[in-house]
Amino acid sequence: MLLNACQSTTSPSITIIDGGQVQVVASDSRVPLVLLTQNGITPQQADRVLVNGVSFPMDQPLPSVDSIQLQLRRAVELTLTTPLGTQTLQTSASTVGQALTEVGYVLGAADLIDPPAETPITTSLNVNFTPARDLTVQIGADVVNIRSAARTVGGALAEAGIPLIGFDTSSP
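Asks: Go over the side chain of Thr79, please, and point to the residues and values.
Replies: Of note, Thr79 is situated in strand β6 (residues 76-82). The exposure class of Thr79 is buried, given its relative accessible area of 17%. The residues contacting Thr79, other than those within four sequence positions of it, are Thr86, Gln87, Thr88, Leu125, Asn126 and Val127.

Asks: Tell me about the environment of Leu78, residues and numbers included.
Replies: Tracing the backbone through its elements, the reader meets Leu78 in strand β6. In this view, Leu78 contacts Gln87, Thr88, Leu89, Thr91, Ala99, Ile121, Leu125 and Val127; residues no more than four positions away in its chain are not counted.

Asks: Would you mind going over unusual backbone geometry in detail, with residue names and values included?
Replies: Here the bond from Asp114 into Pro115 is cis, since omega is 0°, no more than 30 degrees from zero. Of note, Pro115 is situated in the loop between β8 (112-114) and β9 (125-130). Of note in this structure, Asn52 is not a glycine but carries a positive phi near 50°. With respect to the secondary-structure elements, Asn52 resides in the loop between β3 (48-51) and β4 (54-56).

Asks: An account of the pattern of salt bridges is needed here, citing residue identities and associated values.
Replies: Tallying each qualifying case throughout the model produces four salt bridges. Measuring nitrogen to oxygen at the nearest pair gives 3.0 Å for the salt bridge that ties Asp18 to Arg74. You can see Asp18 sitting in strand β1 (residues 13-18) and its partner Arg74 sitting in the loop between β5 (67-73) and β6, a full 56 residues away along the chain. What makes Asp18 buried here is its relative accessible area of 16%. For Arg74, a relative accessible area of 33% puts it in the partly exposed group. Its salt-bridge partner being Asp134, residue Arg147 comes within 2.8 Å of it at the nearest N-O pair. In this pair, Arg147 sits in strand β11 (residues 142-148) while Asp134 sits in strand β10 (residues 133-139), placing the two residues 13 residues apart along the sequence. Owing to a relative accessible area of 45%, Arg147 belongs among the partly exposed residues under this scheme.

Thresholds, definitions, all that
- Residues numbered from 1 in each chain as written.
- Predicted model: local features only at pLDDT ≥ 70, side-chain atom pairs only at ≥ 80, totals over all residues.
- Heavy atoms only, no water.
- Helix = DSSP H or I, 4+ residues; strand = E, 2+ residues; numbered from the N terminus.
- Buried < 20%, exposed > 50% of the residue type's maximum accessible area, 1.4 Å probe, protein only.
- Contact = heavy atoms within 4.5 Å.
- Salt bridge = Lys/Arg side-chain N within 4 Å of Asp/Glu carboxyl O.

Below is the structure:
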């Protein structure tokens, strides 16, 4: 029988992208970490591998396809300032929002994020993040629940469409 003759004997074409460096290699290895190290590339712990544009574990075998683009996304320093303080972390996230999510924050529409969540991370970056808080507003006999990251009561009320005007007061 010639079943073996029907199978491809060539290795898939693998394009490795590390920053501005591009290598086209052939290898029998199917594991990104092995492919990278075989070609003189040493990934760091916070780096990320993208296989054909999708995040992929470095230690898992690649899918069986004819052509593979293996991109190493290097981690950069992100300085994150929140109401609890400032911390520095290494991230290979694509965007500010992805980096915040990966360190455990649940993002909401009322959060203050500067630069915005969709900002791409390409170099070291300073990020200010103030998560919104749940607030209860009593207007006469009515109670309204809102979420706001505003620094003042007046700011939170204005965001909610309840501005203080004339002789209005707020407490606290």
